[in-house]
Amino acid sequence: MSSIFISHSSKDNESAKKLRDFLIDQEYQGIFLDFHPENGIPAGRDWVKELHTQLRKCQAVMLLLSKDFVKSQWCFAEVSFANSLPKPLFPIKLDNVSEEELETLQPLLNNTQTVDVVSDGWEEALKRLKRGLIAKGLDPKNLFEWKSDQPPYPGLSSFQREDAAVFFGRTDEIEESIDLLNRMRRHNLAKMAVILGASGSGKSSLMRAGLLPKLEKNNRNWLVVEPFRSLNNPKREFTKAIVSTFKRYSLSKDYAHIRSILTNAIEGKELTPLFDLIDELRITADSKDSTLLISVDQFEELIGAGTSEEQARFVEFLRHLIEKKDQIILLSTLRSDFLGIFQQHSALQDFTFESQTIGPISMRSIADVIEKPAEKAGLKLGAGLVQRILHDTKVSTALPLLAFTLRELYERFGGEGELKIQNYKELGGLQSAIIKAADDLLDTFVKETKQGKDDSEKQLLANIESTLKTIFLLMVRINEEGQYARRPVSEDKLAGLGISTNKMSLLERFIEARLLTKEKKEEELAPMLEVAHEALFTTWPRLKKWLDESHSFLLWRRHLEFKITLWEQHNKKKEYLLTLEEQQETRQLLNEPSYSLNQEELEFIERSEQEIGLEQIIISKAQDLIAHSSERTVYNWLKALISSGKPTEALEETKFIESLLQKSKALMQVVIAFANAKQPQLALQAAQSIKGSLRESVAFMHVAIAFAKAEQSQLAFQTVQAIEEASIKFKALMQVTETFMKAEQPQL
């Protein structure tokens with residue numbers, strides 16, 4: 001998008017070029033000059049239509065007044081159209097064109113002060129022009145280029161740096177943030193600033209598209225590292241941010257090398273290489289005396305319940321870094337409800353920080369959010385549209401719903417050059433736009449999938465919904481306030497669920513519809529997927545129903561994440577594993593096919609079952625055996641199974657147990673012992689002696705997993721088929737699948 005349009009006669013090309021070069025030197029971006037090969041009219045375009053489009057999009061029009069200019073009908077047409085929009089006009093007098101010659105233009109110029117090159121000379125005239133531009137609010141440090149192929153409304157996703165030109169509604173808050181950071185820089189008030197606000201208040205957009213782009217323009221004082229979220233791997237995300245920052249200044253850096261430097265720094269081994277890297281970045285950016293600004297978006301991801309040992313260590317590293325190195329400030333966004341957790345975090349106690357709270361956006365500012373991006377894009381807003389949308393924004397989730405609706409309006413109807421109130425009604429208004437988009441997407445996919453299949457649409461929909469439910473449950477968590485919150489998931493994890501290619505293509509449609517987001521693939525890392533905004537959890541009834549049905553599972557998984565964190569923090573001591581009661585609850589919940597866990601969670605459960613489950617079960621079973629068998633049997637069985645590790649002897653000793661129930665219990669422990677000893681054939685022999693459908697099924701599950709670990713796939717599948725209990729058969733299949741995936745045998 002052109003921020004400044006230069007209207008001139010073709011006979012004044014040299015003067016136009018001189019003016020363009022001056023504006024570029026002053027750091028103005030997006031200057032439209034129709035003879036310029038890069039920023040002029042592309043070949044094959046309709047010349048008149050393109051000029052009108054550029055005039056509609058620009059923020060100011062320069063008029064190079066000359067005798068040739070006033071004679072040109074095209075120049076007159078450009079002035080007339082710019083005046084009608086209206087656009088600020090800056091007349092620049094190039095020669096001794098008379099008042100009489102300018103007479104036809106005077107009504108359009110509206111007595112605008114003319115910059116006179118003839119009497120003042122180019123140098124003075126351009127100084128006056130610069131002062132006039134700033135007086136009209138066109139200071140280059142506040143102007144950002146917007147590319148015409150970008151949408152003026154980003155939708156549910158946060159605004160990014162490239163959206164700075166269309167980010168409106170938070171001018172006062174941006175200036176407050178800049179003032180705060182400048183005071184911190186000058187007076188060393190603190191080393192960290194926190195932007196606080198409720199969920200959906202626009203903190204991330206304010207930081208990414210409002211604050212940071214302006215600081216980047218002031219590179220004498222600020223060197224801005226690319227902002228990042230920690231997701232579930234803060235070291236990886238910070239590494240990517242540093243690589244991206246070097247790339248901004250045209251220097252390519254090896255990802256693995258920077259990751260190695262960060263690994264050593266985070267583990268407390270060596271900070272010097274990281275300090276050297278920072279100094280190199282300053283030199284590369286030609287910003288030697290600047291303050292480095294590290295920006296962490298959604299800091300609550302680093303400190304909330306269920307965060308990992310790695311995330312806790314990263315917080316400690318950030319504090320250590322900014323306290324050990326001068327001229328570094330840490331900036332973060334944080335949900336207001338996490339402030340207490342932030343202050344009580346072990347790595348942040350007694351830590352001085354500054355904060356700024358972002359309140360609700362005003363109605364006047366919401367009008368700017370609607371109108372000003374449209375003006376940038378040259379879009380006309382039809383009668384009554386803005387007023388109707390403003391009326392509908394009086395709800396708690398207004399901002400995300402507004403963002404999505406505006407993007408949908410633009411995508412569906414923006415090509416017509418005007419957004420009308422009828423278009424808004426077709427989307428269902430603010431409250432129904434997301435519902436309509438998600439439901440239409442799903443219904444269309446079902447109809448397309450139905451073609452050539454015998455299944456009814458109802459059956460297909462149920463099948464597809466089941467898969468979607470599993471996927472969405474992986475992308476949601478329950479936060480400290482009991483609300484549904486986003487939870488990123490790697491594409492690898494979804495691939496490991498065995499979802500068909502066709503159903504995975506449905507996810508791509510959700511991404512294209514901007515309901516899900518997918519980061520670009522970096523290096524060897526799998527992309528992360530997540531819900532575009534938490535508003536989707538409450539505004540799409542189908543999804544909300546799935547989440548409400550699975551509330552107990554989500555609460556339990558949150559508890560599981562907390563247990564894993566405790567276990568890691570206490571050096572993985574056995575007493576912090578799942579208790580028998582917790583293991584029993586786990587088995588019951590995982591009988592539901594829609595519920596799935598990540599690899600770390602599954603391994604923690606398996607470790608608990610191996611270390612706590614077996615030990616406590618053996619003690620319990622020993623007590624039972626004492627009541628039903630001789631002391632010799634109990635002694636030999638426990639000795640063989642626990643002390644000497646000889647399950648073959650234990651199998652022999654079970655012959656002395658008369659009670660069928662107790663014999664089955666004892667045999668179960670022998671099966672587990674053989675399986676752990678990587679002797680699946682002997683485990684199968686013991687399992688075949690167990691009586692009782694449920695216990696027999698559990699035994700065969702252990703045998704199947706043992707065969708899978710031994711890479712005897714055919715026997716593993718045959719053993720699974722022998723399992724009678726459906727829920728245990730399903731769990732066995734999942735465990736066998738996980739085993740083959742770990743062994744990098746996805747075809748099995």
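Just so it is clear, the structure is predicted and the values come from calculations on it, not from any experiment.

**Student:** Outline unusual backbone geometry, listing residues and values.
**Tutor:** Among all residues except glycine, the phi angle is most often negative; among peptide bonds, the trans geometry is most common. Cis geometry is found at the peptide bond from L85 to P86, where omega equals -10 degrees. On the secondary structure map, P86 appears in the loop between α4 (73-84) and β4 (89-93). Unusually for a residue other than glycine, E27 sits at a positive phi of about 75 degrees. Relative to the assigned elements, E27 resides in the loop between α1 (13-25) and β2 (31-32). Positive phi, close to 55 degrees, is recorded for N571, a residue that is not glycine.

**Student:** Give me the confidence of the model for the chain: which residues, what numbers.
**Tutor:** Looking at the chain, the pLDDT average stands at 85 and 89% of residues meet or exceed 70. By mean pLDDT, helix α28 (residues 631-643) is the weakest element of the chain at 45, and strand β9 (residues 291-297) is the strongest at 97. In this model residues 629-644 is a low-confidence stretch, pLDDT under 50, and it forms 32 contacts with partners more than four residues away in sequence or in other chains.

**Student:** Any chance you could break down the sheet that holds strand β3 (residues 60-65) for me, citing the residues and the numbers?
**Tutor:** Overall, parallel pairing links the five strands, which are arranged β2-β1-β3-β4-β5 in an open sheet. The sheet is open, and its two borders are formed by β2 and β5 (115-116), each paired with just one other strand. Two elements, strand β1 (residues 4-7) and β3, share four bridges in a ladder whose sense is parallel. Residue pairing for β3: I6 is matched across the bridge by M62. Lying on the sheet, helix α2 (residues 47-57) is in contact with β1, β2 and β3; it crosses β1 at an angle near 135 degrees.

**Student:** Describe the packing of helix α7 (residues 171-187) against helix α8 (residues 203-217), with residues and values.
**Tutor:** The contact between α7 and α8 brings their axes to 10 Å, and the two run at 55 degrees. In terms of axis orientation, α7 runs oblique to α8. At the point where α7 passes α8, the crossing takes the right-handed sense. Touching E173, I174, E175, S177, I178 and L181 of α7 are L206, G210, L211, K214 and L215, all from α8. Looking at the contact of α7 with α8 residue by residue, the classes come out as six nonpolar, two polar and three charged.

**Student:** Any chance you could break down the environment of L684 for me, citing the residues and the numbers?
**Tutor:** If you trace the backbone, L684 turns up in helix α31 (residues 680-687). You can call L684 buried: its relative accessible area is 16%. The contact partners of L684, leaving out residues within four places of it in the chain, are F700, V703 and F707.

**Student:** Give a detailed account of empty space enclosed by the protein, specifying residues and quantitative values.
**Tutor:** Rolled over the atoms, a probe with the dimensions of a water molecule shows which regions are left empty. Under the definition given, this model contains four cavities of 30 Å³ or more. Computed from the structure, the largest cavity encloses a volume of approximately 100 Å³. Lining the largest cavity are V225, F238, I242, T245, L274, L277, I278, L281, L292, I294 and L321. Those elements giving two or more residues to the lining of the largest cavity turn out to be α9 (234-248), α11 (272-284) and β9.

**Student:** Could you give me a rundown of the packing of helix α10 (residues 255-266) against helix α13 (residues 309-324), with the residues and numbers involved?
**Tutor:** Between α10 and α13, the least distance of the axes is 9 Å, while the angle of their chain directions is 90 degrees. By the angle class used here, α10 and α13 are roughly perpendicular. Note on element contacts: α13 touches α10 through R313, F314 and F317, opposite L262, A265 and I266. Class assignment for the residues of the contact of α10 with α13 results in five nonpolar, no polar and one charged.

**Student:** Account for the sheet that holds strand β16 (residues 489-490), with residues named and values stated.
**Tutor:** Here we have three strands laid out as an open sheet, ordered β16-β18-β17, and antiparallel in their pairing. The open sheet has two edge strands, β16 and β17 (516-518), and neither has a second partner. Sheet topology places β17 next to strand β18 (residues 528-531); three bridges connect them, and they run antiparallel. Bridge pairing links K518 to L529 in β18.

**Student:** Tell me about the packing of aromatic side chains, residues and numbers included.
**Tutor:** One pass over the full model with this rule turns up 18 aromatic pairs. Where F159 meets F167, the ring centres are 5.2 Å apart and the plane angle is 70 degrees; that geometry is what we call edge-to-face. Exposure class is identical for F159 and F167. Each is buried. Taking 6.4 Å as the distance between ring centres and 55 degrees as the angle between the ring planes, the aromatic pair formed by F238 and F317 counts as tilted.

**Student:** Explain helix α34 (residues 726-742) to me, and be specific about the residues and the numbers.
**Tutor:** Taking 1.5 Å per residue, 17 residues should reach 24 Å; α34 reaches 24 Å between its end C-alpha atoms and fits that length. Positive phi appears at E744, one or two residues downstream of α34, with a value of about 60 degrees.

**Student:** With reference to specific residues and values, describe the nonpolar core.
**Tutor:** One broad rule of soluble globular proteins: the nonpolar side chains tend to lie buried together. Of all hydrophobic cores here, the largest spans 105 residues; its most connected members are L181, L215, F472, F510 and L515. In terms of residue count, helix α19 (residues 429-450) provides more of this core than any other element does, nine residues in total.

**Student:** A description of the pattern of salt bridges should follow, citing residues and the corresponding values.
**Tutor:** Tallied over the entire structure, the rule returns 44 salt bridges. Close ionic contact of E609 with K731 constitutes a salt bridge, the shortest N to O distance being 3.8 Å. Note that E609 is positioned in helix α27 (residues 599-628) and K731 in helix α34, a separation of 122 residues in sequence. Taking the relative accessible area as the measure of exposure, K731 reaches 15% and is therefore buried. Among the ionic contacts, a cluster of salt bridges with common partners joins R161, E216, E226 and R248.

**Student:** So what's going on with the environment of S148? Which residues, and what values?
**Tutor:** Along the polypeptide, S148 turns up in the loop between α6 (117-135) and α7. For S148 and G378, which are 230 residues apart along the polypeptide, the C-alpha to C-alpha distance reads 9.7 Å.

**Student:** I'd like to hear about a nonpolar patch on the surface, residue by residue, with values.
**Tutor:** Together, W47, V48 and W74 give the surface a local cluster of nonpolar side chains, amounting to about 290 Å² of exposed area. Residue position: W74 is located in helix α4. By relative accessible area, which is 46% here, W74 ends up partly exposed.

**Student:** Break down the pairing of β3 for me, with residues and values.
**Tutor:** Taking burial as the measure, the six residues of β3 include six buried ones, the bulk of the element. Side chains A60, M62 and L64 of β3 all project onto a buried face; the interleaved residues V61, L63 and L65 project onto the opposite face, where all are buried too. Pairing between β3 and β4: five bridges, direction parallel. Across the sheet, residue L64 finds its bridge partner in β4, namely I92.

**Student:** I'd like a rundown of helix α24 (residues 541-549), residues and numbers included.
**Tutor:** Along an α-helix, a turn takes 3.6 residues, which lines up residues three or four apart on a common side. Looking only at α24, the buried set comprises R542, L543, W546 and L547. For α24, the arc enclosing every buried residue in end-on projection is 135 degrees, short of the 170-degree limit, so these residues lie on one face. Buried-residue contacts for α24 involve α19, α20 (457-474), β14 (476-478), β15 (484-486), α23 (535-539) and α25 (551-569).

About the cut-offs
- Residues numbered from 1 in each chain as written.
- Predicted model: local features only at pLDDT ≥ 70, side-chain atom pairs only at ≥ 80, totals over all residues.
- Heavy atoms only, no water.
- Helix = DSSP H or I, 4+ residues; strand = E, 2+ residues; numbered from the N terminus.
- pLDDT = per-residue confidence, 0-100.
- Contact = heavy atoms within 4.5 Å.
- Pairing = 2+ DSSP bridges.
- Axes fitted to C-alpha atoms, helices over the stretch in contact; angles between N-to-C directions.
- Parallel < 35°, antiparallel > 145°, perpendicular 65-115°, else oblique.
- Left-handed = near helix turned anticlockwise from the far one by under 90°.
- Nonpolar A, V, L, I, M, F, W, Y, C, P; charged D, E, K, R; others polar.
- Buried < 20%, exposed > 50% of the residue type's maximum accessible area, 1.4 Å probe, protein only.
- 1 Å grid on protein atoms, 1.4 Å probe; cavity = no way out; pocket = protein on both sides within 12 Å on 5 of 7 lines; lining within 4 Å.
- Points joined across faces, edges and corners; volume = space filled by probe spheres on them.
- Phe/Tyr/Trp six-rings, centres within 6.5 Å; stacked < 30°, edge-to-face > 60°.
- Expected span 1.5 Å × (residues − 1).
- Core = buried A, V, L, I, M, F, W, Y, C linked by side-chain atoms within 4.5 Å.
- Salt bridge = Lys/Arg side-chain N within 4 Å of Asp/Glu carboxyl O.
- Patch = residues over 30% accessible without salt bridge, like charges linked within 9 Å, V, L, I, M, F, W, Y side chains within 5 Å.
- Areas by Shrake-Rupley, 256 points an atom, 1.4 Å probe, with all protein chains shown as cover.
- Arc of directions from axis to C-beta.

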